[in-house]
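So you can see what is in the structure, the chains are spelled out below.
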Amino acid sequence: MRKWLGYDNFKKTFTLLGPHLMKHWVSYAGLTAVMIAQLLCALAFASFLGQMTDAAIHSNFAKLTGLTFGGIGIVFGMVFIGYLNTYLQSSAIYGVKRDLKMALFHHTLLLRANVMSSIRSGDLISRFDNDLNQIENMLGSRLIDLLRYPLVYCSVFIYLFHINALLSLISWGIAPAAIAGSAIFGVLMRRNSRYINHLTGANTQIVSEALQGFLVIRSFVLQHSFFSRYEKQNHELFRLEMKNAKLRGLYYAGGETASSLTFFSSLSLGAYLISYGEMTIGALMTFITLVHYLVFPLTGAAGNWAAFQKASGSIERIQAILDLPLEAPDLPPSAISAKTYPSTPQSIDFDRVSFSYKPELHVLNQFSLSVPAGRKTAIVGYSGAGKTTLFSLILGIYQPQAGTIRINGQSIQDMSVYDLRARIAHVPQEATLFNGTIRENLLLGRQKSPAEIVKAARMAAIDDFIQTLPEGYETQVGERGLILSGGQKQRLAIARALLKNAPILLLDEATSALDSETEEKVKTALDHLMAGRTTLIIAHRLSTIQNADHIVVMEKGQIVQEGTHNSLMAMGGLYRRLHNERENPGSYDAIKVMGLSVRKTR
Ligand SMILES: Nc1ncnc2c1ncn2[C@@H]1O[C@H](COP(=O)(O)OP(=O)(O)OP(=O)(O)O)[C@@H](O)[C@H]1O
């Protein structure tokens, strides 16, 4: 029975919404007062109609005049209460919705990276959009209706019982049908709505992928396949929405039938009682004005219940995000992104670190490496060797399952992630730009003078390009930096790192998108930036790391060779193979590692 009536969903709804509702208690208390005032006005108006009718029948002009003024007063009162109702409802609905949205975004910003990478962006966006709208639908007057319906039913029943006991009992005839109808309707709506919410999420995902991957979609001519998926989902959504509409229609028809039946049976029985002199015409007028107040709390409660069932699916989806684990309990203080860490060099140590993204796949196994303070260490290896994973671990984005990572001898587990990241300037493989100006994208919350910004951009060999733009540093980069080339974005990311001025520098293929001439210019800037800082560089082109103090060669999450460029070249093995492959792609060694059989000519 509890399941059928959706009691658990009801409880879940209030567990999530309770604190937010409490915050807006003034609006909800106001709405409750308005609701009571509306009820009193309705009772007064019904009584007014009855008294007017009886006064007219008995030609009581003095009473009629008094009642007219009273009626005008009731009408003005109702108009004012109606205005208050609209205002307070908006404040209650949008206040709670705003708070829920902020809680969801706050949580999203702090989600752990492994959780974040498992969430589909479209699905997450639809929780902000579709699910919050469903909840909005349930807030405000629908919540107050939970109180209103029993209160209206009881007070009107007592009032009408006082007028005529027999007539008032007619409403009891529809009560069992209304309660059973509400339970069945609620269960069917909930089932349907869950599926609709899920499909809406999948639908948003397709649109989001189509926007993000529009170049690939066009170059691989995928429009048809994307459209077919979208079309199929939309047909299914339409089918489910229509199913819901049929349910609502049936429900509405049921409510109307119950209301009309009660009205006509009250009218007929009332007419009969009048003809026997057991009731006045005025009393019947009052009665039939109020009789629908005995029906709508029963049928309306069922409709309300259905809205709760619908919203409970959305609440479940929002709660599911709010239950996901966070990497830190709260947002970083606003000043931290502007903080410049003292530039004293810092050492990095990996001490028997083991890490896997998934239990069955070990990326690092008992990995140990010491990166001396203020030196330049390069990491090379085939794709998938685990190089980028090392950076993610240093940044505290993922936590190792075993072993310790230390910075200047202190375990990073004992540091706040924000303090840890304040020490590191990271240039990732893919430079992400945000919607905003070039200047905002370079600063990312930092305070720097225009001269410092230009200096960093010059060092990253991007100032010349920026100066050619009509609005220079104030140019909007467009969503995801679409107006810039891959190399330009990469140079902006390097300028960003220069401006961060942190003691640890992590460069992950930072110059991979640059042509050799630009790379040469940027290299000078990077050499300048790296001087005196602890630098880890991942590079595909080995020519860019030949002057590194130390080179670490990785294979399948293990260090297989270490040394300087010259010592590693002399040693032979994987480093020399990689070097020959990447720097002299036509050489005998390179062809051999590509698995081709070549006959030696010498
Ligand atoms: N978020 C992730 N979830 C699951 N597995 C991952 C994730 N990121 C990387 N991996 C896996 O971990 C392994 C190491 O990846 P990593 O990105 O560290 O390699 P890499 O040496 O930096 O490669 P590349 O040179 O291509 O960037 C790979 O097998 C990869 O498939």
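Residue numbering note: each chain is counted from 1, following its sequence as written. For a predicted model such as this one, the threshold for reporting local features is a pLDDT of at least 70, and the threshold for listing and counting side-chain atom pairs is 80 or more; totals across whole chains, interfaces and linings nevertheless cover every residue. With hydrogens and water excluded, all non-hydrogen atoms of the structure serve as input to the side-chain values.

### Some thoughts on the pattern of salt bridges
Part 1 of the reasoning: Each salt bridge in this description consists of a side-chain nitrogen of Lys or Arg and a carboxyl oxygen of Asp or Glu lying within 4 Å of one another. Counting across every chain of the model gives 17 salt bridges.
Part 2 of the reasoning: A salt bridge links Lys 97 to Glu 136; its shortest N-O distance comes to 2.6 Å. Remark: Glu 136 occurs in helix α5 (residues 121–138) and Lys 97 occurs in helix α3 (residues 61–110); sequence separation between them is 39 residues.
Part 3 of the reasoning: Accessibility here uses a 1.4 Å probe with only protein chains present; expressed as a share of the type maximum, an area under 20% marks a residue as buried, one over 50% as exposed, and anything in between as partly exposed. Lys 97 gets classed as buried once you look at its relative accessible area, which sits at 15%. A run of H or I in DSSP counts as a helix once it spans at least four residues, and a run of E counts as a strand once it spans at least two, with each numbered from the N terminus.

### Some thoughts on the pairing of strand β1 (residues 348–358)
Part 1 of the reasoning: Where β1 meets strand β2 (residues 361–371), 7 bridges bridge the pair, whose relative direction is antiparallel. The residue bridging Asp 349 from the neighbouring strand is Ser 370, located in β2.
Part 2 of the reasoning: Here 5 bridges tie β1 to strand β4 (residues 402–407), and the two strands are oriented antiparallel to one another. Paired with Ser 354 across the strands is Ala 402, a residue of β4. In short, DSSP must find at least two bridges between two strands for them to pair.

### Section: the domain arrangement of the protein
Part 1 of the reasoning: Segmentation of the protein into domains returns domain 1 (7–323) and domain 2 (345–593).
Part 2 of the reasoning: An automatic or database domain assignment supplies the residue ranges for each domain. Here the C-alpha centre of domain 2 lies 56 Å away from the C-alpha centre of domain 1.
Part 3 of the reasoning: Between two residues, a contact is recorded if the distance between any of their heavy atoms is within 4.5 Å. Listed as interface residues are 7 residues of domain 1 and, on the opposing side, 5 residues of domain 2.
Part 4 of the reasoning: Two parts placed together each lose some accessible area under a 1.4 Å probe, and the buried area is that loss summed for both. For the pairing of domain 1 and domain 2, the buried interface totals around 430 Å² over both sides, and the portion due to carbon and sulfur atoms is 59%.
Part 5 of the reasoning: At the boundary of domain 1 with domain 2, the tally comes to 0 salt bridges.
Part 6 of the reasoning: Under this definition, polar contacts are N or O atom pairs within 3.5 Å; protein pairs additionally need one hydrogen-donor-capable and one acceptor-capable atom, and for neighbouring residues in sequence, both atoms have to be side-chain atoms. For the interface between domain 1 and domain 2, the tally reads 0 residue pairs in polar contact (both at pLDDT 80 or more).
Part 7 of the reasoning: If you list the elements that add at least two residues to the side of domain 1 that touches domain 2, you get α4 (113–116) and α8 (175–212).
Part 8 of the reasoning: The class makeup of the residues in the side of domain 1 that touches domain 2 is 4 nonpolar, 3 polar and no charged. Basically, the charged four are Asp, Glu, Lys and Arg, the nonpolar ten are Ala, Val, Leu, Ile, Met, Phe, Trp, Tyr, Cys and Pro, and anything else, Gly included, counts as polar.

### Overview of the site of the ligand
Part 1 of the reasoning: Around the ligand, the neighbouring residues are Tyr 357, Val 363, Tyr 382, Ser 383, Gly 384, Ala 385, Gly 386, Lys 387, Thr 388, Thr 389, Tyr 398 and Gln 429.
Part 2 of the reasoning: In this structure, an oxygen atom belonging to the ligand sits 3.0 Å away from a main-chain N or O atom of Gly 386.
Part 3 of the reasoning: One of the side-chain N or O atoms of Thr 389 is found 2.4 Å from an oxygen atom in the ligand.
Part 4 of the reasoning: Every accessible area reported is derived by Shrake-Rupley at a probe size of 1.4 Å, with residue values counting cover from the shown protein chains alone. For the ligand, whose free accessible area comes to 630 Å², the fraction covered by protein is 65%.
Part 5 of the reasoning: Broken down by element, the residue count for the shell around the ligand peaks at 3 residues, all from helix α13 (residues 387–394).
Part 6 of the reasoning: For the shell around the ligand, the per-class residue count stands at 5 nonpolar, 6 polar and 1 charged. We call a residue near a molecule or strand when any one of its heavy atoms sits within 4 Å of it.

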